[in-house]
Amino acid sequence: MSRAVILCTMARLSFVSCTSSNSEESASLSTALETDDQCVLQMRGNAMAQAGKEGEAANQTEAEAKMEAYWSENSCFAAPKSYGLAFKAQGSSFFDDFTFITVDKTHGANRYLTKEEALKTGVVETSEEHGTILRVGDVEHSTAPNAPFKRQSVKLHSNHAWKPSEGMLVVMKYNHVPYGAGVWPAFWLMNSDILWPQGGELDILEYANDEVSKVSFHTNRNCMLDQHKLGQCMQGKPVGGLGPSNCNTDYSKNRNGCLPRQVQRSGEWFAKNPGVMAAAWDADGVTVYHIPNAEIPADLSSDTPKPETWGRFVLAYVPFDRHSCADIAKPQEIVLNIALCGDWAGGAWLRSSAARRTGYTIGCNADISNPVGDCCSKFVTSNTHDVNGYMKQRAYFSIDYMKVFTPADILSAPPLESGTFKRGGVEVKG
């Protein structure tokens, strides 16, 4: 008798002994034995299914190991470094090393609040227990030309900056990110010591409406992406189409910076797949990662990150051409903001299915120069129960922490102050 039959029979006998009288034992035992074949088939089916799952997992693990070896052999993505924790914003002290900026340069339907205003109105809040929230707030009267109303929001710049040429790893662990019609959030890096974009800008997570996120880099020089390296390292990943390979940026001349082929997701996808957004940046380029909560590696959790082993989580790779991109970026500060409408979300309003579903496409235009008649601006500043609920349910960051890691051998050096902090939040003048 097979082991499966023995197990099934024992189960039947146990059932019979517990539930049958002496007069019924024979008949019950006969019935149990007749159903042994069904039990055996079920157990075999379960065993085969389990074996199939284990086989799939083993195959996936083997495939991932092969790809990690390939990336390592071809020097793809982040170079190995011994990183140490240089900066942490978390819990009740999250905002201590950030400056709240009130200037909006993207012509939005938002008003960026001061730190005092944001805390008082509840647009930002933070605690050890619940982490940090940045959200859009109420609609308010505005004194801006042709814009009778604005909706409250925030824009943060870190008080410290770090040198990409020395190596830096920026990490944000989040539970939710903003998304929706008219919403334009961004988690990015920039230099504010000199006029933009001379010091460089890296967009880590940025999208508008229901468009996909775009990792891009901006500078005033003809810095070129290494397309051979990009193709070699991103093969096998579900990347989108190729964008500009020249990172030179001048919007007045339709030069929008470089946009490498990358894995792209919508804001709603990121919001519903919480985890870590990270960017490793050194002299050779930038690698951007999304790591799901359930897969955050132990090295990151212990503040000893090894991004060179995170290849399967890579969303985008920005390999710089060594000649044209030498010393391409000045010290970078962190920026986190939620813009509403404006150049991107407002300009692309009529192309967005999420925007069209709001119904704000009739009797208005996609015209950010005239907020009174602009469809996007009219939607996000509508002080109705439905629109207020829509914005407040979607347009917020929920963050566990933000960290910056730098090579261990420079951790003892005093931190650099960002240009924004040194000027007290005032932008650099040209």
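Right above here is the structure, for reference.
The shown structure was predicted, so the numbers you read here are calculated from the model rather than taken from an experiment.

Caption draft 1: Geometry of the state of the cysteines. As enumerated under the stated definition, the model contains five disulfides in all. Sulfur-sulfur distance for the disulfide between Cys223 and Cys325 comes to 2.0 Å. Residues Cys223 and Cys325 are joined through a disulfide that is right-handed, its torsion about the S-S bond being 100°. With Cys223 in the loop between strand E13 (216–218) and helix H5 (227–234) and Cys325 in the loop between strand E18 (314–319) and strand E19 (333–340), this residue pair connects regions lying 102 residues apart in the sequence. Across the pair, exposure class does not vary: Cys223 and Cys325 are buried alike.

Caption draft 2: The arrangement of the side chain of Asp299 in detail. With respect to the helices and strands, Asp299 occurs in helix H7 (residues 298–301). Despite being buried, Asp299 has no salt bridge partner; Lys306 is the closest side chain of opposite charge, sitting 7.0 Å away. Polar side-chain contacts of Asp299 include one of 2.9 Å to the backbone nitrogen of Lys306. The contact partners of Asp299, leaving out residues within four places of it in the chain, are Thr304, Pro305, Lys306, Thr309 and Trp310.

Caption draft 3: Focus on the pairing of strand E16 (residues 275–282). In terms of burial, E16 is largely enclosed, as eight of its eight residues are buried. Examined bridge by bridge, strand E10 (residues 168–176) and E16 share seven bridges and lie antiparallel to one another. Among the inter-strand pairings, Val170 is bridged to a residue of E16, identified as Ala279. The pairing of E16 with strand E17 (residues 285–292) spans eight bridges and is antiparallel. By the bridge assignment for E17, Ala278 is matched with Tyr289. The hairpin formed by E16 and E17 contains two residues between the paired strands.

Conventions we followed
Residues numbered from 1 in each chain as written. Predicted model: local features only at pLDDT ≥ 70, side-chain atom pairs only at ≥ 80, totals over all residues. Heavy atoms only, no water. Disulfide = S-S within 2.5 Å. Helix = DSSP H or I, 4+ residues; strand = E, 2+ residues; numbered from the N terminus. Buried < 20%, exposed > 50% of the residue type's maximum accessible area, 1.4 Å probe, protein only. Lys, Arg positive; Asp, Glu negative; His and termini not counted. Salt bridge = Lys/Arg side-chain N within 4 Å of Asp/Glu carboxyl O. Polar contact = N/O pair within 3.5 Å; in protein donor to acceptor, adjacent residues only side chain to side chain. Contact = heavy atoms within 4.5 Å. Pairing = 2+ DSSP bridges.

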